[in-house]
Amino acid sequence: MSELWFIVAGILCLLIVIAMVRLVKGPTAPDRVVAFDVINTLTVGVFLVVGIGYEELFFVEVAIVYALLSFIGTLFIAKYIGGEL
C-alpha cells in the first residue's frame, strides 16, 4: 500500500476527531445531527481510501453498507427532532 493512502486516511481520521468536538459541544440538536452525519460520511471515506490502498473490494462493500445504514439513521434522527415521530 502506498504511503499516500495512509496519509489521506490519517487526515480523514483527524477530521473525524474535529467533527466529534462539534458533536459534543454543538449548542443545538441540529448542529449535533450535522456533525453526526459528517462523521459518518468521513468514515465511509476512510473505508474507501483503505480499500483503494489495499486493493480489497471488501472495504468498499463495507463502506456501501455503512453509508446506507448511516443515511437511514440520519433520517430517523432528523424526523425525531422535527417531531414527526
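Look up: the structure comes first, before these words.
Residues numbered from 1 in each chain as written. Predicted model: local features only at pLDDT ≥ 70, side-chain atom pairs only at ≥ 80, totals over all residues. Heavy atoms only, no water.

## Observations concerning the overall build of the protein chain
Then comes step 1: In terms of regular secondary structure, the protein chain is built from three helices and zero strands.
Then comes step 2: Along the protein chain, from the amino end to the carboxyl end, the secondary structure elements read α-α-α.
Then comes step 3: Taken along the three principal axes of its C-alpha coordinates, the protein chain extends 45 × 25 × 10 Å.
Then comes step 4: The buried share of the protein chain, reckoned over its 85 residues, is 25%.
Then comes step 5: Look at the contacts in the protein chain between residues 6 or more apart in sequence, and 52% of them connect residues 24 or more apart.
Then comes step 6: Carbon and sulfur atoms make up 76% of the accessible area of the protein chain, which totals about 5900 Å².
Then comes step 7: Taking the average place of the 4 positive charges on the side chains of the protein chain and the average place of its 7 negative ones, the gap between the two points comes to 21 Å. (Helix = DSSP H or I, 4+ residues; strand = E, 2+ residues; numbered from the N terminus. Buried < 20%, exposed > 50% of the residue type's maximum accessible area, 1.4 Å probe, protein only. Contact = heavy atoms within 4.5 Å. Areas by Shrake-Rupley, 256 points an atom, 1.4 Å probe, with all protein chains shown as cover. Lys, Arg positive; Asp, Glu negative; His and termini not counted. Charge placed at Lys NZ, Arg CZ, Asp CG, Glu CD.)

## Section: a nonpolar patch on the surface
Then comes step 1: A contiguous nonpolar surface patch, about 470 Å² in accessible area, is contributed by Ile 7, Ile 11, Leu 14, Leu 15 and Ile 18.
Then comes step 2: With respect to the helices and strands, the residue Leu 15 is situated in helix H1 (residues 3-25).
Then comes step 3: For Leu 15, a relative accessible area of 38% gives the class partly exposed. (Patch = residues over 30% accessible without salt bridge, like charges linked within 9 Å, V, L, I, M, F, W, Y side chains within 5 Å. Salt bridge = Lys/Arg side-chain N within 4 Å of Asp/Glu carboxyl O.)

## Details of the side chain of Ser 70
Then comes step 1: Looking at the element boundaries, Ser 70 is found in helix H3 (residues 57-82).
Then comes step 2: Non-local contacts of Ser 70, meaning those with residues more than four positions away in its chain, are made with Asp 37 and Asn 40.

## Let's talk about the nonpolar core
Then comes step 1: By size, the foremost hydrophobic cluster in this structure holds nine residues: Ala 9, Leu 12, Ile 16, Ala 19, Ile 39, Leu 42, Val 46, Val 49 and Val 50.
Then comes step 2: No other element matches the five residues that helix H2 (residues 29-54) contributes to this core.
Then comes step 3: Those residues in contact with Ile 39, other than ones at most four positions away along the chain, are Ile 16, Ala 19, Met 20 and Leu 23. (Core = buried A, V, L, I, M, F, W, Y, C linked by side-chain atoms within 4.5 Å.)

## Describing the side chain of Thr 43
Then comes step 1: Tracing the backbone through its elements, the reader meets Thr 43 in helix H2.
Then comes step 2: In this structure, Thr 43 is in contact with Ile 16 and Tyr 66, ignoring residues within four places of it in sequence.

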